[in-house]
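So you can see what is in the structure, the chains are spelled out below.
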Amino acid sequence: AQSVAQPEDQVNVAEGNPLTVKCTYSVSGNPYLFWYVQYPNRGLQFLLKYITGDNLVKGSYGFEAEFNKSQTSFHLKKPSALVSDSALYFCAVTLRGGSYIPTFGRGTSLIVHP
Amino acid sequence: EPEVTQTPSHQVTQMGQEVILRCVPISNHLYFYWYRQILGQKVEFLVSFYNNEISEKSEIFDDQFSVERPDGSNFTLKIRSTKLEDSAMYFCASSTRTGEYNEQFFGPGTRLTVL
């Protein structure tokens, strides 16, 4: 069975500093990996995904994520955090050749302080 | 930008009552989904729906649950006899295509509280 772990319930960072939201996964095969963001009172919005190719994936709002197969990780990063980045972030995985239903993590609350 | 919408945003009900959660997917999307998230836990898949049929469902989606697309725009989740453990945030999602590499578009959720 596949699974996703987001080890931090909350990440706090000062505005202007780099941010990292961690995600590790477990699948029996090759993964497709996704990041979604949920702003208050809004639905989950797709940020970026890794399918194949370059391990560094760039997405919306200046976010990027690095696929690391040996560490089974897909951490979300941004070089300079904004207060408006404060939201709930979800990592998800599907299995290449498997079900299209993603397995989600519990979510990480990112708080960016002015 | 088109969005998935859900109503109500918060539903409070008594145990044993029926509830219907409503969703309006993005208009040109063909695949529809329901997920739930119990407070502090993971987002869990309930059911997917395509061409007026359930295409996949999880073990959570038992006989107490049903889905329907009663017209060309709404997609509903019914819980026939709610239990305390049904209290959760319920998310509707839709997509243009299905496939393990395709992203989905989610609504803001309905918080269901069963007393």
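It should be emphasised that the depicted structure is a prediction, and the values quoted were computed from it without experimental measurement.

Focus on the overall build of chain A
So, point 1. In terms of regular secondary structure, chain A is built from 0 helices and 12 strands.
So, point 2. In terms of C-alpha radius of gyration, chain A reaches 13 Å, essentially the compact-globule figure of 13 Å for 114 residues.
So, point 3. In terms of principal-axis extent, the alpha carbons of chain A reach across some 45 × 30 × 20 Å.
So, point 4. The buried share of chain A, reckoned over its 114 residues, is 46%.
So, point 5. Long-range contacts, defined here as pairs at least 24 residues apart, represent 57% of the contacts in chain A between residues at least 6 apart.
So, point 6. On chain A, roughly 5,200 Å² of surface is accessible, and the fraction owed to carbon and sulfur atoms is 50%.
So, point 7. Placing the 9 positive and 7 negative side-chain charges of chain A at their respective mean positions leaves the two points 7 Å apart.

Things to note about the nonpolar core
So, point 1. Counting 29 residues, the largest nonpolar core has Trp-35, Leu-47, Leu-48, Phe-74, Leu-76 and Tyr-89 of chain A as its most contacted members.
So, point 2. Taken together, the elements giving at least two residues each to this core come down to β2 (10-14), β3 (19-21), β5 (31-38), β6 (44-50), β8 (64-68), β9 (73-78), β10 (87-95) and β12 (108-113) of chain A.
So, point 3. When residues in this core are grouped by element, the largest group, 5 residues, is from β10 of chain A.
So, point 4. Not counting residues up to four positions away in its chain, the partners in contact with Phe-74 of chain A are Cys-23, Leu-33, Phe-34, Trp-35, Leu-48, Lys-49, Tyr-50, Ala-65, Glu-66 and Phe-67 of chain A.
So, point 5. Membership of the second largest hydrophobic core comes to 23 residues, among which are Val-4, Val-19, Cys-23 and Val-67 of chain B.

What about the state of the cysteines?
So, point 1. By the definition in use, this model includes 2 disulfides over all chains.
So, point 2. Between Cys-23 of chain A and Cys-91 of chain A runs a disulfide, and the two sulfur atoms are separated by 2.0 Å. Because the sign of the S-S torsion sets the handedness, a value of about -65° for the bond joining Cys-23 of chain A and Cys-91 of chain A places this disulfide among the left-handed ones. On the criterion of sequence distance, the pair formed by Cys-23 of chain A in the loop between β3 and β4 (24-26) and Cys-91 of chain A in strand β10 is long-range, its members being 68 residues apart.
So, point 3. For Cys-91 of chain A, a relative accessible area of 0% puts it in the buried group.
So, point 4. Here Cys-23 of chain B pairs with Cys-92 of chain B through a disulfide, and the sulfurs are 1.9 Å apart.

A word on unusual backbone geometry
So, point 1. For the bond running from Thr-7 of chain B to Pro-8 of chain B, omega is -10°, close enough to zero to count as cis.
So, point 2. Relative to the assigned elements, Pro-8 of chain B resides in the loop between β1 (5-7) and β2 (10-13).
So, point 3. Not every positive phi belongs to a glycine, and Tyr-61 of chain A is a case in point at roughly 60°.
So, point 4. Mapped onto the elements, Tyr-61 of chain A comes out in the loop between β7 (56-58) and β8.

Rules of the game
Residues numbered from 1 in each chain as written. Chains lettered and ligands numbered in written order. Predicted model: local features only at pLDDT ≥ 70, side-chain atom pairs only at ≥ 80, totals over all residues. Heavy atoms only, no water. Helix = DSSP H or I, 4+ residues; strand = E, 2+ residues; numbered from the N terminus. Rg over C-alpha atoms; globule rule 2.2 N^0.38 Å. Buried < 20%, exposed > 50% of the residue type's maximum accessible area, 1.4 Å probe, protein only. Contact = heavy atoms within 4.5 Å. Areas by Shrake-Rupley, 256 points an atom, 1.4 Å probe, with all protein chains shown as cover. Lys, Arg positive; Asp, Glu negative; His and termini not counted. Charge placed at Lys NZ, Arg CZ, Asp CG, Glu CD. Core = buried A, V, L, I, M, F, W, Y, C linked by side-chain atoms within 4.5 Å. Disulfide = S-S within 2.5 Å.

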